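Secondary and tertiary structure notes
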Amino acid sequence: MPRNPELMRHNIAEMAKSLEGADRALIEEFFYALLTPAEADEMAKRWALVKELANGTPQRRIAEDLGLSLCKITRGSRELKKEGSTFRILLDRAKEIA
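The following paragraphs examine the structure supplied in this document. (Residues numbered from 1 in each chain as written. Predicted model: local features only at pLDDT ≥ 70, side-chain atom pairs only at ≥ 80, totals over all residues. Heavy atoms only, no water.)

**A few points about the overall build of the protein chain**
Scanning the protein chain from N- to C-terminus turns up six helices and zero strands. Starting at the N terminus and walking to the C terminus, you meet the elements of the protein chain as α-α-α-α-α-α. Across the 98 residues in the protein chain, those meeting the buried criterion constitute 17%. Considering only intrachain contacts with a sequence separation of at least 6, the fraction spanning at least 24 residues in the protein chain is 37%. Working note: accessible area of the protein chain is about 7900 Å², and carbon and sulfur atoms make up 56% of it. (Helix = DSSP H or I, 4+ residues; strand = E, 2+ residues; numbered from the N terminus. Buried < 20%, exposed > 50% of the residue type's maximum accessible area, 1.4 Å probe, protein only. Contact = heavy atoms within 4.5 Å. Areas by Shrake-Rupley, 256 points an atom, 1.4 Å probe, with all protein chains shown as cover.)

**What to know about the packing of helix α3 (residues 37–54) against helix α6 (residues 86–97)**
At a minimum axis separation of 11 Å, α3 and α6 run at an interaxial angle of 85°. The angle between α3 and α6 falls in the class roughly perpendicular. Between α3 and α6, the residues in contact are W47, V50, K51 and A54 and F87, R88, L90 and L91, respectively. For the contact of α3 with α6, the per-class residue count stands at six nonpolar, no polar and two charged. (Axes fitted to C-alpha atoms, helices over the stretch in contact; angles between N-to-C directions. Parallel < 35°, antiparallel > 145°, perpendicular 65-115°, else oblique. Nonpolar A, V, L, I, M, F, W, Y, C, P; charged D, E, K, R; others polar.)

**Considering helix α5 (residues 70–81)**
For α5, with 12 residues, the first-to-last C-alpha span of 16 Å sits near the 16 Å given by 1.5 Å per residue. On the buried face of α5, the contacting elements are α3, α4 (59–66) and α6. (Expected span 1.5 Å × (residues − 1).)

**Digging into the side chain of T57**
Checked against the element boundaries, T57 lands in the loop between α3 and α4. Since its relative accessible area comes to 13%, T57 is described here as buried. Not counting the four nearest positions on each side in its chain, T57 is found in contact with E52 and I62.

Right under this line is the structure:
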């Protein structure tokens, strides 16, 4: 089935609004209810790769450690380097929480 950009935009915006102000436990429960175990694993690995990139870990090592393709890691690297990167913003927020 082809992607539907309008459906994605609408529903992701709706989920983001619904999660505003929610506590961590509810957000975690939502992710686990929404995603299959394989999807949750993939999402966790993608976030782990962003953290590793931010820490300066070489891409090939990340690929080996997480079992991810270099294409996914390169995409993460590009997103992290963008001006106003949402990855960077969320990494900074995660540091504040830790």
